[in-house]
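Coordinate analysis (summary)
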Amino acid sequence: MHLHQHQSPTQLVDLQIFAAPRIILKPPVPTFPCFASLVLSLMEKPHIDFGLNILGGDIMSIPSLYRFETLKKEVAKLYLWPQTLEIPILDATTGATKKPVGILNVKVVRAFKLLKMDFLGASDPYVKLHLSGERLPAKRTTVKRKTLNPEWNENFKFIVRDPHTQVLELHVYDWDKVGGHDKLGMQLVPLKLLTPHETHEFTLDLLKNTNISDPHKKQRGKIMVELTFDPFKEENELSSGHLNGYGKKESGISRNSDDDTLSGAGLLLVTIQGAEDVEGQRHNNPYAEILFRGEKKKTKMMRKTRDPLWNEEFQFMLEEPPLGEKIHFQVMSHRSGFSFRSKESLGHVDIDLTDVVHNGRINDKYHLINSKNGQIHLVIRWKMI
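Residues numbered from 1 in each chain as written. Predicted model: local features only at pLDDT ≥ 70, side-chain atom pairs only at ≥ 80, totals over all residues. Heavy atoms only, no water.

1. Digging into the overall build of the chain
Along the chain, the regular secondary structure elements total five helices and 22 strands. Excluding contacts between residues fewer than 6 apart, the proportion of contacts in the chain whose partners are at least 24 apart in sequence is 66%. Of the roughly 22600 Å² of accessible surface on the chain, 53% is carried by carbon and sulfur atoms. (Helix = DSSP H or I, 4+ residues; strand = E, 2+ residues; numbered from the N terminus. Contact = heavy atoms within 4.5 Å. Areas by Shrake-Rupley, 256 points an atom, 1.4 Å probe, with all protein chains shown as cover.)

Below, the structure written as structure tokens:
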């Protein structure tokens, strides 16, 4: 028996794409081209037309293949608003990124008259929440079993950087034990609709997508949420001090202030600028770890250096000021490749956060314990709402 292999050349011809794109240039930076990334999304499903020549004939001329709806659906699924494609242009750290300005409190109250997705005429709904402009994973409610009128009454917090442009995305899904979860509907709430410190209740019609001209629009139920935007207090409301380089106290709230002045929720912002003279016995690939209230976060690893520069910011949303609490920092080195001693401590330090709460912020270099000459440069701020 002889098997003959035959190669058939395939040629893509006359590719045409018609789309209504939405392009956002962000964030602004002081260097050319004046923005760090390009965010692209589609406002409606694209029209895609092309030819596919096999053995000298265009198979796309066959009526059943001409429209090729599957390809359009896949493209739309990836990039139809609010799904986006972000194309980095510059390193965002080279520019002026927006700092946190407040906290968005979201209460997912309930939904009613949702679509029936299960065989027995019910659904297992849950809600995913995402704030545009953030790369953090979406938050989600619990799953409510076998109901079209779920009640959650669950609370979430988001860090707000630009209340004029950011949008809260709400996506309702039907949980499935096997396979993907079916989408029941979605809605968007622009933060510019909110008045600071006032709770707004929204009862929103769920949509299939943001295409308001969708010819197949049908009732998908409603979702009820409560939103409150609490801006941080301005620094001039909290202090009368000023920055002093690397000094320990850059602004001052009088330590004689009443406890009522310091009470309430806020955001602890921790920036690890870098370290100096950190030296390991076996390797020098340093990274920094933060341990606070049982939560651990860490910077990226810098290879083969004793003077790493991270300039990474970490955030902790707290219900009360961290008076009398300490935050732990440790510089570690990680050896590349497999090793029984792949990690090595290069030094650690504990910082009392009482000074941060009273002074608003600290900016200093601290000597690392168990390190000969190592220091770590930290900027820690407390933002009250």
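Having seen the structure, we can now continue with the description.
2. So, the pattern of salt bridges
If you walk through the whole model with that rule in mind, you get nine salt bridges. Close ionic contact of Asp205 with Lys222 constitutes a salt bridge, the shortest N to O distance being 2.3 Å. Here Asp205, found in strand S13 (residues 199-205), pairs with Lys222, found in strand S14 (residues 222-231); they are 17 residues apart in sequence, far enough to count as distant. Classification of Asp205 as partly exposed rests on a relative accessible area of 38%. Close ionic contact of Glu325 with Arg293 constitutes a salt bridge, the shortest N to O distance being 2.5 Å. Here Glu325, found in the loop between strand S18 (309-318) and strand S19 (326-334), pairs with Arg293, found in the loop between strand S16 (286-292) and strand S17 (295-298); they are 32 residues apart in sequence, far enough to count as distant. (Salt bridge = Lys/Arg side-chain N within 4 Å of Asp/Glu carboxyl O. Buried < 20%, exposed > 50% of the residue type's maximum accessible area, 1.4 Å probe, protein only.)

3. Comments concerning the nonpolar core
Nonpolar side chains tend toward joint burial in soluble globular proteins. Grouped together as the largest cluster of nonpolar side chains are 30 residues, with contacts concentrated most on Leu268, Ile327, Phe329 and Ile380. Only strand S15 (266-276), S16, S18, S19, strand S20 (343-352), helix H5 (354-359), strand S21 (361-367) and strand S22 (375-384) provide two or more residues apiece to this core. The biggest single contributor to this core is S22, with five residues. Ignoring anything within four residues of it in the chain, the contact list for Phe329 reads Val270, Ile272, Glu289, Ile290, Gly347, His348, Val349, Ile351, Ile376, Leu378 and Ile380. Among the nonpolar cores identified, the runner-up in size contains 28 residues, and Leu148, Val160, Leu168 and Leu191 belong to it. (Core = buried A, V, L, I, M, F, W, Y, C linked by side-chain atoms within 4.5 Å.)

4. Quick word on the packing of aromatic side chains
Counted according to the given criterion, the structure contains two aromatic pairs. Look at Phe292 and Phe316: their rings are 5.4 Å apart centre to centre, the planes differ by 75°, and that puts the pair in the edge-to-face class. With Phe292 in strand S16 and Phe316 in strand S18, the pair connects residues that are 24 residues apart, well separated along the chain. We classify Phe316 as buried; its relative accessible area is 3%. When the ring centre of Tyr287 is taken as reference, the NZ or CZ atom of Lys298 above it lies at 5.4 Å. (Phe/Tyr/Trp six-rings, centres within 6.5 Å; stacked < 30°, edge-to-face > 60°. Lys NZ or Arg CZ within 6 Å of the ring centre and 35° of its normal.)

5. Points about the pairing of S19
Direction of pairing for S16 relative to S19: antiparallel, over a ladder of six bridges. Looking at the pairing, Pro286 lines up with Ser333 of S19. In this sheet, S20 lies alongside S19 in antiparallel orientation, the contact comprising nine bridges. Pairing of His328 across the sheet is with Asp350, part of S20. (Pairing = 2+ DSSP bridges.)

6. Description of unusual backbone geometry
Phi at His197 takes a positive value of approximately 70°, unusual for a residue other than glycine. Inspection of the secondary structure puts His197 in the loop between strand S12 (182-190) and S13.

7. Describing the environment of Gly280
The residue Gly280 is located in the loop between S15 and S16 in this model. The class for Gly280 is buried, based on a relative accessible area of 13%. On a C-alpha basis, the gap between Gly280 and His334 in space is 9.9 Å, while along the polypeptide they are 54 residues apart. Other than its neighbours up to four places away in sequence, Gly280 contacts Glu344 and Leu346.

8. Some thoughts on the pairing of strand S11 (residues 167-174)
For S11, a buried count of eight out of eight residues is recorded, marking the element as mostly surrounded by other parts of the structure. Residues of S11 alternate between two faces, with Val167, Glu169, His171 and Tyr173 on one and Leu168, Leu170, Val172 and Asp174 on the opposite face, all of them buried. For S11 and S12, the ladder comprises eight bridges, and the chain directions are antiparallel. Pairing of Leu170 across the sheet is with Gln187, part of S12.

9. Observations regarding the confidence of the model for the chain
Of all residues in the chain, 75% attain a pLDDT of 70 or more, and the chain-wide mean is 81. Below a pLDDT of 50 lies the segment residues 92-96, which in the model reaches eight contacts outside its immediate sequence neighbourhood of four places, other chains included. The low-confidence segment residues 240-258, where pLDDT is below 50, has 43 contacts with residues more than four positions distant or belonging to other chains. (pLDDT = per-residue confidence, 0-100.)

10. Some details on the sheet that holds strand S7 (residues 102-112)
The sheet built from four strands is open, its strands ordered S10-S7-S14-S13 with antiparallel pairing. At either margin of the open sheet sits one strand with a lone partner, and together these are strand S10 (151-160) and S13. Shown here is a sheet whose adjacent strand axes are inclined to one another by a mean of 20°, direction ignored. Here eight bridges tie S7 to S10, and the two strands are oriented antiparallel to one another. Residue Arg110 lies in a different strand from S10, and its bridge partner there is Glu151. (Axes fitted to C-alpha atoms, helices over the stretch in contact; angles between N-to-C directions.)

11. Some words on the environment of Phe229
Looking at the element boundaries, Phe229 is found in strand S14. Through-space distance from the C-alpha of Phe229 to that of Thr199 is 7.7 Å; in sequence the pair is 30 residues apart. Contact partners of Phe229, with chain neighbours within four places excluded, come to Val101, Gly102, Ile103, Leu104, Val160, Pro163, Leu194, Thr195, Pro196 and His197.

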